[in-house]
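# Examination of the molecular architecture
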Amino acid sequence: MTRKEQTALLLIATGERYQKFVEPLLASARKFFVPHMPVLFSDQNLSNPYMLIPDEGFPKTTLHRYRTFLKAERFLSRFDQIWYSDVDMLFVAPVTGEDIFSDGITATLHPGYLGERGTPERDLLSTAYLSSQAQNKYFAGGFIGGTAQAFLEMSAILANNIETDTYNKQMAEWNDEAHLNRYLYHNPPARILTPSFCYPEPDKESRYQHLWRTAGFEKGFEPKLLALTKK
């Protein structure tokens, strides 16, 4: 494996609504993200390497993302670091290994819930349940990564929990993000990133900056990875 292949960047894009984001994100990652190999999971051959998956629609495609990653577990285990980004994102500033790498999982604080506990799952019947007494941080599901071992171990647990919910006819309100936050509460991330890595697009920026100032982050954050408006 060459140096450029030590980091995998995982993307999922099914259906026309998401396929249009692939090329701009790939171009921005080539320019700004750590040396990496993009790995696309899609119902169309939009990039290489890619893995063909069905378009399950919303919310099943996002709900099953960790199960999707495990379909390529043998291939992904060859990498040092594995990172996932929502496809409707855009890198806008350099991101180095020193900025994001850790010896476990690195998670990104949700830009809308700084200093708050966010919206964890409160249904006791779901495996994503978190007590209202839990003093948790709230993490975004759109940009997360870590060592290959830690990422794949996390993926296996999340996929299993989601399958258990499905068997029991349960679905967490915020889908895979709810399961991710339950996992990170019980398995704290080795490193936490600011909302620079899930930065709102300019049309929403002022509203989020108000939230950040209210939470005590007066200076705000430098955008590194923009979360784009789907429309």
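Scroll up a little and you will see the structure.
Right, let's walk through the structure included here.

What counts, and at which threshold
- Residues numbered from 1 in each chain as written.
- Predicted model: local features only at pLDDT ≥ 70, side-chain atom pairs only at ≥ 80, totals over all residues.
- Heavy atoms only, no water.
- Phe/Tyr/Trp six-rings, centres within 6.5 Å; stacked < 30°, edge-to-face > 60°.
- Helix = DSSP H or I, 4+ residues; strand = E, 2+ residues; numbered from the N terminus.
- Buried < 20%, exposed > 50% of the residue type's maximum accessible area, 1.4 Å probe, protein only.
- Salt bridge = Lys/Arg side-chain N within 4 Å of Asp/Glu carboxyl O.
- Pairing = 2+ DSSP bridges.
- Axes fitted to C-alpha atoms, helices over the stretch in contact; angles between N-to-C directions.

## As for the packing of aromatic side chains
Overall, the coordinates contain 15 aromatic pairs when judged by the stated rule. Ring geometry for Phe 91 versus Phe 143: centroids 6.3 Å apart, planes at 80°, classification edge-to-face. Here Phe 91 is found in strand 5 (residues 89–91), whereas its partner Phe 143 is found in strand 7 (residues 139–147), with 52 residues between them in sequence. For Phe 143, a relative accessible area of 0% corresponds to the buried category. Residues Phe 143 and Phe 197 carry aromatic rings whose centres are separated by 5.8 Å and whose planes lie at 5° to one another, so their mutual orientation is stacked. Taken as a pair, Phe 143 in strand 7 and Phe 197 in the loop between strand 8 (191–193) and strand 9 (199–200) lie far apart in primary sequence, 54 residues in all. Ring pairing ties together the aromatic residues Phe 33, Trp 83, Phe 91, Phe 143 and Phe 197, which thus form one cluster.

## Notes on the pattern of salt bridges
Under the defined criterion, the tally for this structure stands at 4 salt bridges. With its nearest N and O atoms 3.8 Å apart, the salt bridge here joins Glu 56 to Arg 67. Of the two residues, Glu 56 sits in the loop between strand 3 (50–52) and helix 3 (60–63) while Arg 67 sits in helix 4 (residues 65–70), which places them 11 residues apart along the sequence. Judged by its relative accessible area of 32%, Glu 56 is partly exposed.

## Concerning the sheet that holds strand 7
Taken in spatial order, the 7 strands make up an open sheet running 3-2-1-4-7-6-8, and their pairing is mixed. Of all the strands in the sheet, just strand 3 and strand 8 have a single pairing partner and so form its edges. The mean inter-strand angle of the sheet, taken between neighbouring strand axes irrespective of direction, is 20°. Alignment of strand 4 (residues 81–85) against strand 7, held across 5 bridges, turns out to be antiparallel. Pairing of Trp 83 across the sheet is with Gly 145, part of strand 7.

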